[in-house]
Amino acid sequence: MTSHIHSEPILQSLELVAERVGDPTPLVYAELFRQQPEMEAMFVNDRDGAVRGHMLSEALDGILDFVDERKYADNMIRAEIVNHENLGVPPDVFAAFFAVIRDAFRDALGREWTKEMEEAWKELLVALSETLPAHA
Ligand code: HEM
C-alpha cells in the first residue's frame, strides 16, 4: 500500500529536529508526560532511558515507512497496540503518542516549523488513526 501523505515535509521535520536538538527523546517524553502524566510511572524501570529511546526510534521508523511504501508500519502498529494494551497502555493513549511526537517537534522547531509540515503531519495523524483497529 502506498500512502498519499506528503512525505517530504515530514522527512524535513525529522531532519531539522535532528540538526537543531540532536536526540529528541527527552523532548518527546517530556511532552508525553505533560499530556499523559499517569504514563510516567510505566517507565520507572527504564533507568537509563534505553527503552524510551528504542520505543521512539521504532515509532519514527514506523512513520518513515508509513509515509513511504507502508511495507510494515500498519502491521507493526496493530501488533504494538495489542502489546501495549497488555502492558496497561489504553489504545487511545497509544495512538496519542504520534500526536505527542508532532507537538514536541513543532515546539522544538518554533518558527522553523512550516505550514507544509503542519499540513503533512495533520494528514499523517488522520491516516494513522484510520489504521487503528477501530477502523479495520
Ligand atoms: C503513550 C503511548 C505509549 C506508552 C505509554 C508506551 C509505553 C511503553 C512501555 C512502558 C514500554 C516498555 C515495555 C517493557 O518494559 O516491556 C514500551 C515499549 C515499547 N514501545 Fe511503547 N508506548 C506507547 C506508544 C508506543 C508507540 C506509538 C509505539 C510504536 C509504534 C511503541 C513502540 C514500542 C516498542 C517497539 C517498545 C519496545 C522497546 C524496547 O523494549 O526496547 N510504543 N512502550
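Note: the structure precedes this text.
Our subject in this report is the structure included herewith. (Residues numbered from 1 in each chain as written. Predicted model: local features only at pLDDT ≥ 70, side-chain atom pairs only at ≥ 80, totals over all residues. Heavy atoms only, no water.)

Right, let's talk about the side chain of E118 for a bit. By the secondary structure assignment, E118 is in helix α6 (residues 115–131). In terms of polar contacts, E118 uses its side chain to reach the side chain of R106, at 2.8 Å. Filtering out sequence-adjacent residues up to four positions away, E118 remains in contact with R102, R106 and W113. (Helix = DSSP H or I, 4+ residues; strand = E, 2+ residues; numbered from the N terminus. Polar contact = N/O pair within 3.5 Å; in protein donor to acceptor, adjacent residues only side chain to side chain. Contact = heavy atoms within 4.5 Å.)

What follows concerns the coordination of the iron atom of the ligand. Every protein donor of the iron atom of the ligand is accounted for by M55 (SD) and H84 (NE2), and the metal-donor separations fall at 2.0 to 2.2 Å. With six donor atoms in place around the iron atom of the ligand and angles of 84 to 179° between them, the coordination shape is octahedral. With M55 in helix α3 (residues 50–66) and H84 in helix α4 (residues 73–87), this residue pair connects regions lying 29 residues apart in the sequence. Residue H84 is classed as buried on the basis of its relative accessible area of 13%. (Donors = N, O, S within 2.8 Å, 3.2 Å for Na, K, Ca; no water. Tetrahedral: all angles 85-135°; square planar, octahedral: opposite > 155°, others 65-115°. Buried < 20%, exposed > 50% of the residue type's maximum accessible area, 1.4 Å probe, protein only.)

So, on to the site of the ligand. Neighbouring the ligand are 18 residues, the closest being H54, M55, H84, V93 and F94. In this structure, an oxygen atom belonging to the ligand sits 2.4 Å away from a side-chain N or O atom of H54. In the model, a nitrogen atom of the ligand is placed 2.8 Å from a nitrogen or oxygen of the H84 side chain. Elements with a contribution of two residues or more to the shell around the ligand: α3, α4 and α5 (91–109). Broken down by element, the residue count for the shell around the ligand peaks at five residues, all from α3. Its residues assigned to classes, the shell around the ligand comprises 14 nonpolar, two polar and two charged. (Near = heavy atom within 4 Å. Nonpolar A, V, L, I, M, F, W, Y, C, P; charged D, E, K, R; others polar.)

Everything listed is a geometric property; what it means functionally is a separate question.
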